[in-house]
There are 2 protein chains.
Amino acid sequence: MGLTSSIQLAGGSGGPENLRPLLATALDALGKGAIERDGPLPTGGAGAIGALFAEDVLPLDGSGAESALEGLARAFVAGAADPADPTCVAHLHTPPLALAVAADLVAGALNSSLDSWDQAPSGTHVEGQVIEALCGLVGYDPAVASGAVTSGGTESNLTGLLLAREHALANALGAHPVVTGIPAEMHGRLRILCSETTHFSVARSAGVLGLGEDSVIGVPLDRDHRMDPQALRSLLVDLRARGDLPIAVLATAGTTDLGVIDPLAELAEVAAEHGAWLHVDAAYGGGALFSERLAPLLSGIERADSVAIDLHKLGWQPVAAGVVLAQRASAFDPMERRVAYLNTSDDEAAGFQSRLGRSLRTTRRPDALKIAVTFRALGRRGLGDLVDRCHAQAHHAAASMREHPRLELYRDPVLTTVIFRYRPENGDPDAINAELRRALLRNGRAVVGRTELDGAVWLKLTLLNPNTTEPEIDALLADVIAAAEEEAR
Amino acid sequence: MGLTSSIQLAGGSGGPENLRPLLATALDALGKGAIERDGPLPTGGAGAIGALFAEDVLPLDGSGAESALEGLARAFVAGAADPADPTCVAHLHTPPLALAVAADLVAGALNSSLDSWDQAPSGTHVEGQVIEALCGLVGYDPAVASGAVTSGGTESNLTGLLLAREHALANALGAHPVVTGIPAEMHGRLRILCSETTHFSVARSAGVLGLGEDSVIGVPLDRDHRMDPQALRSLLVDLRARGDLPIAVLATAGTTDLGVIDPLAELAEVAAEHGAWLHVDAAYGGGALFSERLAPLLSGIERADSVAIDLHKLGWQPVAAGVVLAQRASAFDPMERRVAYLNTSDDEAAGFQSRLGRSLRTTRRPDALKIAVTFRALGRRGLGDLVDRCHAQAHHAAASMREHPRLELYRDPVLTTVIFRYRPENGDPDAINAELRRALLRNGRAVVGRTELDGAVWLKLTLLNPNTTEPEIDALLADVIAAAEEEAR
């Protein structure tokens with residue numbers, strides 16, 4: 001049984017020396033894999049990836065640490081899409097700061113978990129500090145507000161909508177759906193109001209929560225693609241008249257495609273008139289709060305009952321670094337649990353308090369550490385500068401698109417995305433734009449985004465790399481045009 | 001705006017050189033913080049932690065990368081509970097392998113995300129391979145089964161129960177709760193059957209899913225604390241007779257406290273008789289499948305409709321490394337989504353397939369990479385050896401407890417936990433056991449677990465460190481006894 005051989009763990013006094021050679025191997029794989037890839041992604045499309053991973057993933061006997069790490073890490077890097085490459089701009093797929101990745105290693109090595117104090121004394125404290133700072137950034141009173149770090153916007157939106165569901169039904173009927181289920185008399189009458197540009201995870205959350213996707217009602221947009229407060233007001237009046245219960249208005253601060261920010265202050269006003277919970281999905285746009293220039297776009301967010309922010313978007317963190325905040329800590333009461341082996345009341349009274357009741361998860365890595373290190377290293381101004389750089393890149397890209405006769409800009413960028421397409425002289429523009437994107441993927445030249453607006457296919461640049469230069473953006477556009485001309489031929 | 005200064009990213013050709021000095025700082029913090037802590041956790045309890053983190057977490061101006069990382073990482077380590085210390089044994093809080101932590105760095109540096117192919121060409125492939133290997137381990141047909149890596153057992157159980165809810169209602173009524181919500185006529189009639197030792201996340205999931213915690217029905221236990229198949233059968237007959245719909249039987253393979261494994265094969269038989277979905281929560285016990293000696297305890301798991309396994313428990317991964325598996329990939333159909341910017345059908349037809357429909361999350365780090373590296377390095381035998389070592393430790397601890405006149409062993413260990421308590425000559429045993437545990441926490445000597453069984457307070461050792469020796473276990477027990485004598489005085 002080999003009881004004599006010692007296993008190399010990441011923690012303990014031997015941890016640093018166990019990690020050192022393996023980290024050297026990992027860095028080596030990052031370097032060599034990038035050379036092998038030679039661009040933003042590998043050539044050859046999905047078919048080529050399998051060849052990088054030919055061996056059995058779970059053999060009966062292992063091949064040893066160095067060999068396994070070297071081989072698999074290098075294949076992983078060679079087969080990855082690297083957002084640090086200026087031509088990898090399809091998604092809210094942020095190139096993380098080296099600093100944050102290094103800090104994350106420390107969290108991983110100790111495996112702290114936030115479901116009990118005695119698994120994470122320092123992790124518990126750091127998450128509290130990070131949440132407090134973010135509550136302040138949003139404009140909440142940190143003494144009253146609360147929240148948690150999440151796996152991302154989807155979990156944050158799910159949590160916000162769960163709190164809204166509990167709040168609305170407790171107020172309207174004294175019902176507690178987490179305990180008794182969704183009341184039969186409310187079937188088909190519980191409503192979530194959002195716009196058609198809202199992230200799909202909202203409908204998905206409604207599905208998870210037992211409300212069903214059909215509970216989601218689309219509020220018309222104004223000319224700027226923002227949720228129209230007057231239209232929201234009319235809908236709320238109509239819903240109330242027919243006895244429906246609007247459990248939440250879900251506004252977006254930074255839609256995935258256009259970066260549009262709903263008029264939060266006005267929506268907060270309307271939601272308050274009707275006693276509806278306001279959740280703001282600022283997964284993308286929340287980071288704009290770091291920027292003095294852009295923060296005013298989110299004015300009114302402090303009136304939201306709950307907010308989602310992803311710091312693995314405009315925050316340059318490795319995934320996961322989502323955050324959910326609630327204006328009042330008491331909103332989390334329906335999620336509180338007493339668990340005999342985690343948080344008994346006598347242990348809590350003795351000062352051993354956990355953050356179990358703030359999260360839908362149980363085991364939970366302290367992702368707050370990397371966030372705290374980044375905050376302390378860059379400060380609000382440093383992070384604001386990164387946001388401003390990417391915002392300026394988007395404006396440069398838009399200006400270049402406007403100058404080119406065959407490129408059509410959808411509209412001026414709001415945050416750091418730019419939507420455009422190639423207008424062919426002949427041929428189906430939808431097919432050509434979709435195919436040119438796939439061609440760029442297949443030949444390993446660029447990872448450009450793609451979406452659908454007004455029934456047509458559009459391309460998207462999501463600019464999140466603060467180091468990208470204007471000539472690099474212009475070169476990327478030249479590549480897009482060349483690929484388009486190839487397709488249109 | 002400083003457009004000239006380059007930001008240090010983890011990816012790209014400069015990534016390795018950007019990371020190298022920061023990782024040296026992180027390792028230094030791991031070493032120095034551990035010396036400062038000088039034991040499994042810091043002395044002084046929660047009050048002492050705040051002093052380690054005196055500075056503002058989000059200043060206006062940053063203090064720079066090195067300074068922030070050095071200060072915060074060291075404070076984090078000094079204030080952590082380190083599961084690599086042989087006296088840190090309260091929870092399923094695994095000391096991670098150095099290898100897995102190093103591999104995780106690579107996933108973080110590139111920020112791959114599994115919600116679209118073009119954010120994770122290699123990550124998508126690796127997750128597929130890991131899931132296939134785990135389906136094989138469980139005894140599923142990998143060609144038919146499917147699954148995803150999750151944030152942990154809670155998300156895995158939530159996902160399994162969501163699949164069960166959709167399956168049961170589609171079969172019974174042709175209803176699709178994700179779309180239309182929970183049917184009004186089924187209010188209070190949808191049932192989840194499990195035992196009282198089931199993890200609390202199951203009740204919580206029922207709450208999230210709109211079924212309510214009241215939907216959870218406890219099945220009586222047999223003398224070995226296992227769910228009684230006959231009792232389950234009777235309950236199912238009764239439920240059917242009164243028109244209730246049992247959407248899932250939830251069996252546990254490795255309860256958190258006792259490590260008890262329900263009789264899976266018999267429960268599968270009963271569930272099948274009544275057409276009820278069987279979900280097996282093997283978050284803890286799933287890793288026993290690596291061990292030739294212990295795997296037979298989970299016999300029958302291959303008949304489950306869905307399974308949860310946490311490789312950040314008996315798998316020595318840093319969090320998160322949860323897994324949810326389903327016997328039939330088609331079970332995930334209700335979770336499938338077409339999203340214009342993620343997975344259009346023409347892109348999928350061209351081979352750019354994502355794993356979006358396998359997970360409740362959207363952005364998702366490729367936690368499969370560290371798992372794959374660990375599997376390849378250790379093989380099934382190597383992992384089985386680690387499981388066997390911890391199992392042997394538990395038996396040694398139990399034997400030592402039996403020999404001591406003032407220690408009471410609750411029962412023989414099944415996996416790697418041991419439940420016991422101190423029997424004082426005088427005084428309230430519950431108060432003394434609870435207080436001695438807190439005293440060990442406060443004076444930084446040990447992190448011992450605590451739970452409640454049969455209305456009494458018990459202590460718990462969760463043995464997950466393969467390097468722990470028998471003398472270390474005996475020394476820990478001596479510390480517990482000394483603390484008890486101090487309290488009982």
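Residue indices begin from 1 for each chain and proceed along its sequence in written order. Key to labels: chains lettered from A, ligands numbered from 1, both in the order written. With the structure being a predicted model, the display of local features is reserved for residues of pLDDT at least 70 and the display and counting of side-chain atom pairs for 80 or more, all residues being used for whole-chain, interface and lining totals. The basis for every side-chain value is the complete set of non-hydrogen atoms in the structure, without hydrogens or water.

## Here's the deal with the pairing of strand β4 (residues 245-252) of chain A
All names here are of chain A. Burial of β4 is extensive: 8 of the 8 residues sit out of reach of the surface. Two strands are counted as paired when DSSP detects at least two bridges linking them. Here a helix means four or more residues in a row that DSSP labels H or I, a strand means two or more in a row labelled E, and each is numbered from the N terminus. Judged from the 4 bridges that link them, strand β2 (residues 190-195) and β4 form a sheet pairing that is parallel. Bridge assignment links Leu193 to a residue of β4, and that residue is Val249. When the strands point away from the viewer, a crossover counts as right-handed if the path from the first strand over the helix to the second runs clockwise. In terms of handedness, the path from β4 via helix α10 (residues 264-273) over to strand β5 (residues 277-282) forms a crossover that is right-handed. Partly exposed describes any residue whose relative accessible area lies between the buried limit of under 20% and the exposed limit of over 50%, with all areas from a 1.4 Å probe on protein chains only and scaled to the type maximum.

## Thoughts on the packing of helix α12 (residues 368-403) of chain B against helix α14 (residues 470-488) of chain B
Residues and elements named next belong to chain B. Fitting a line to C-alpha atoms yields each axis, with helices limited to the stretch in contact; the angle taken between N-to-C directions then spans 0 to 180 degrees. Between α12 and α14, the least distance of the axes is 10 Å, while the angle of their chain directions is 45°. Viewed along their axes, α12 and α14 adopt a mutual orientation that is oblique. In the packing of α12 onto α14, the handedness of the crossing is right-handed. Facing α12, whose interface residues are Gln393, His396, Ala397, Ser400 and Met401, α14 presents Glu470, Ile473, Asp474 and Leu477. Classes in brief: Ala, Val, Leu, Ile, Met, Phe, Trp, Tyr, Cys and Pro nonpolar; Asp, Glu, Lys and Arg charged; the others, Gly included, polar. Taken together, the residues of the contact of α12 with α14 break down into 4 nonpolar, 3 polar and 2 charged. If an angle is under 35 degrees, it is roughly parallel; if it is over 145, roughly antiparallel; if it lies from 65 to 115, roughly perpendicular; otherwise it is oblique. For any helix crossing, the convention is left-handed if the near helix is rotated counterclockwise from the far helix by under a right angle, and right-handed if that rotation is clockwise. Residue contacts are defined here by distance: any two heavy atoms, one from each residue, within 4.5 Å place the two residues in contact.

## With respect to helix α6 (residues 153-173) of chain B
One turn of an α-helix holds 3.6 residues; hence residues three or four places apart share an orientation. Residue and element names in this part refer to chain B. Residue count minus one, scaled by 1.5 Å, sets the expected span of a helix. Between the first and last C-alpha of α6 there are 29 Å, a value that for 21 residues agrees with the 30 Å anticipated at 1.5 Å per step. Across the 21 residues that make up α6, a large majority, 16, are buried. Within two residues after α6, Gly174 carries a phi angle of roughly 65°, on the positive side.

## Structural notes on the environment of Thr94 of chain A
Within the secondary structure, Thr94 of chain A is located in the loop between α3 (65-78) and α4 (98-110). Thr94 of chain A sits in the buried class, given a relative accessible area of 0%. Placed 363 residues apart in sequence, Thr94 of chain A and Val457 of chain A show a C-alpha to C-alpha distance of 24 Å. Sequence-distant contacts of Thr94 of chain A, that is, excluding residues within four places in its chain, are made with Pro83, His312, Lys313, Trp316 and Leu464 of chain A together with Asn111 of chain B. For Thr94 of chain A, the side chain forms a polar contact with the main-chain oxygen of His312 of chain A, separated by 2.9 Å. We call two N or O atoms a polar contact when they sit within 3.5 Å, provided that within protein one can donate a hydrogen and the other can accept it, with sequence-adjacent residues counted only if both atoms are side-chain atoms. Of the polar contacts made by the side chain of Thr94 of chain A, one reaches the backbone oxygen of Lys313 of chain A; its length is 2.9 Å.

## Points about the nonpolar core
Side-chain atoms within 4.5 Å are what join buried Ala, Val, Leu, Ile, Met, Phe, Trp, Tyr and Cys residues into a set we call a nonpolar core. Counting residues in each nonpolar core, the largest one holds 274 residues, and the members touching the most others are Val280 and Val307 of chain A together with Val280 and Val307 of chain B. Those residues in contact with Val280 of chain A, other than ones at most four positions away along the chain, are Ala251, Ala253, Leu264, Ile301, Ala304, Ser306, Val307 and Ala308 of chain A.

## With respect to unusual backbone geometry
Between Val319 of chain A and the following residue, Ala320 of chain A, the backbone shows a cis peptide bond with an omega angle of 5°. With respect to the helices, strands and loops of the structure, Ala320 of chain A is situated in the loop between β6 (306-310) and β7 (322-326). One non-glycine residue, His225 of chain B, lies in the positive phi region at around 65°. Mapped onto the secondary structure, His225 of chain B falls in the loop between β3 (216-219) and α9 (229-241). With relative accessibility at 18%, the residue His225 of chain B sits in the buried group.

## As for helix α13 (residues 429-442) of chain B
The terminal C-alpha atoms of α13 of chain B lie 20 Å apart, and with 14 residues this matches the ideal 20 Å at 1.5 Å per residue to within 8%. Taken together, the buried residues of α13 of chain B touch α11 (345-349) of chain A together with β9 (417-422), β10 (449-453), β11 (456-462) and α14 of chain B. One side-chain oxygen at the N-terminal end of α13 of chain B lies 3.0 Å from the backbone nitrogen of Asp430 of chain B; it belongs to Asp428 of chain B. Where α13 of chain B ends, the next residue or the one after it, Gly444 of chain B, has phi of about 70°, a positive value.

## Comments concerning the sheet that holds strand β3 (residues 216-219) of chain A
All names here are of chain A. What the 7 strands build is an open sheet, ordered β1-β7-β6-β5-β4-β2-β3; its pairing is mixed. Looking at strand neighbours, the two that pair on one side only are β1 (146-150) and β3, the edges of this open sheet. Here the strands of the sheet are splayed against their neighbours by 20° on average, with no regard to which way each runs. The sheet contact formed by β1 and β7 spans 5 bridges and is antiparallel. Paired with Gly147 across the bridge in β7 is Leu325. Running at roughly 115° to β1, helix α5 (residues 121-138) makes contact with β1, β6 and β7 of the sheet.

## Here's the deal with the pattern of salt bridges
In what follows, salt bridge is the name for a side-chain nitrogen of Lys or Arg lying within 4 Å of a carboxyl oxygen of Asp or Glu. A full pass over the atoms with the stated rule returns 80 salt bridges over all chains. Ionic pairing is found between Arg338 of chain A and Glu348 of chain A, a salt bridge with its closest N-O pair at 3.7 Å. Pair noted here: Arg338 of chain A is in the loop between β7 and α11 and Glu348 of chain A is in helix α11, with a separation of 10 residues, a long-range link. With its nearest N and O atoms 2.8 Å apart, the salt bridge here joins Glu127 of chain B to Arg364 of chain B.

## Digging into the pairing of β9 of chain B
Residue and element names in this part refer to chain B. With 6 of 6 residues buried, β9 lies mostly within the body of the structure. Residues Thr417, Ile419 and Arg421 point to one face of β9 and Val418, Phe420 and Tyr422 to the other, with burial holding for every one of them. Relative to β9, strand β8 (residues 407-409) runs antiparallel, the two being bridged by 3 bridges. If you follow Leu409 over to β9, its bridge partner there is Phe420. Where β9 lies against β11, 4 bridges are found, and the strand directions are antiparallel. Paired with Thr417 across the bridge in β11 is Thr462.

## Looking at the interface of chain A and chain B
On the chain B side, the residues contacting the 174 residues of chain A number 174 residues. Note: buried area is the sum, over both parts, of the accessible area (probe 1.4 Å) each one loses when the two are combined. Carbon and sulfur atoms make up 63% of the area that chain A and chain B hide from each other, which totals about 15000 Å². Contact with chain B buries area across many residues of chain A, yet Phe76, Tyr341 and Arg376 of chain A alone supply 6% of it, more than any other trio. At the surface where chain A touches chain B, the tally comes to 20 salt bridges. We note a salt bridge from Arg437 of chain A to Asp347 of chain B, for which the minimum N-O separation is 2.7 Å. Connecting chain A to chain B are 91 residue pairs in polar contact (both at pLDDT 80 or more). Residue contributions to the side of chain A that touches chain B peak at 16 residues, all from helix α12 (residues 368-403) of chain A. Here the residues of the side of chain A that touches chain B sort into 91 nonpolar, 49 polar and 34 charged.

## Some thoughts on the confidence of the model for chain A
Confidence scores here are pLDDT values: one per residue, from the predictor, ranging 0 to 100. Model confidence for chain A is summarised by a mean pLDDT of 96, while 99% of its residues fall at 70 or above. Predicted complex metrics record ipTM = 0.98 and pTM = 0.98.

## Observations regarding the relation of the copies chain A and chain B
Each copy of the sequence occupies a distinct position, and chain A is placed on chain B by a rotation of 180° and an axial shift of 0.0 Å, giving an RMSD of 0.0 Å. Such a combination of rotation and displacement between the chain copies is what one expects of a two-fold axis. Looking at chain A, 100% of its interface residues are interface residues in chain B too, so the copies touch through the same face. A residue counts toward the fit only if its pLDDT is at least 70 in both copies, and the copies are then superposed by least squares on the C-alpha atoms of those residues.

## Here's the deal with the packing of α4 of chain A against α12 of chain A
Residues and elements named next belong to chain A. Look at α4 against α12: their axes get within 8 Å of each other, and the N-to-C directions meet at 140°. Judged by the twist between their axes, the crossing of α4 over α12 is right-handed. Touching Leu99, Ala100, Ala103, Asp104, Val106 and Ala107 of α4 are Leu369, Lys370, Val373, Thr374, Ala377 and Leu378, all from α12. Its residues assigned to classes, the contact of α4 with α12 shows 9 nonpolar, 1 polar and 2 charged.

## A look at the packing of aromatic side chains
Residues and elements named next belong to chain B. When two rings of Phe, Tyr or Trp (its six-membered ring) have centres within 6.5 Å they constitute a pair, described as stacked for plane angles under 30 degrees, edge-to-face for angles over 60, and tilted for the intermediate range. With the rule as written, the count across this model stands at 6 aromatic pairs over all chains. Relative to Phe375, the ring of Phe290 lies with its centre 5.8 Å away and its plane at 70°, an arrangement referred to as edge-to-face. With a gap of 85 residues between them, Phe290 in the loop between β5 (277-282) and β6 (306-310) and Phe375 in helix α12 connect regions that are remote in the sequence. Taken as a pair, Phe290 and Phe375 share a single burial class, namely buried.

## Concerning the domain arrangement of chain A
Residue and element names in this part refer to chain A. The domains assigned to chain A are domain 1 (12-78), domain 2 (106-376) and domain 3 (379-488). Spacing between the C-alpha centres of domain 2 and domain 3 amounts to 31 Å. Tallying the contact residues gives 26 residues for domain 2 and 21 residues for domain 3. Among the residues of domain 2 in contact with domain 3, Asp257, Leu258 and Trp316 are the three that bury the most area, contributing 31% of the side total. Joining domain 2 to domain 3, the criterion identifies 2 salt bridges. One can count 10 residue pairs in polar contact (both at pLDDT 80 or more) joining domain 2 with domain 3. The dominant element in the side of domain 2 that touches domain 3, judged by the number of residues it contributes, is α12, at 3 residues. For the side of domain 2 that touches domain 3, a count of residues per class yields 13 nonpolar, 9 polar and 4 charged. Boundaries of every domain are those given by an automatic assignment or by a domain database.

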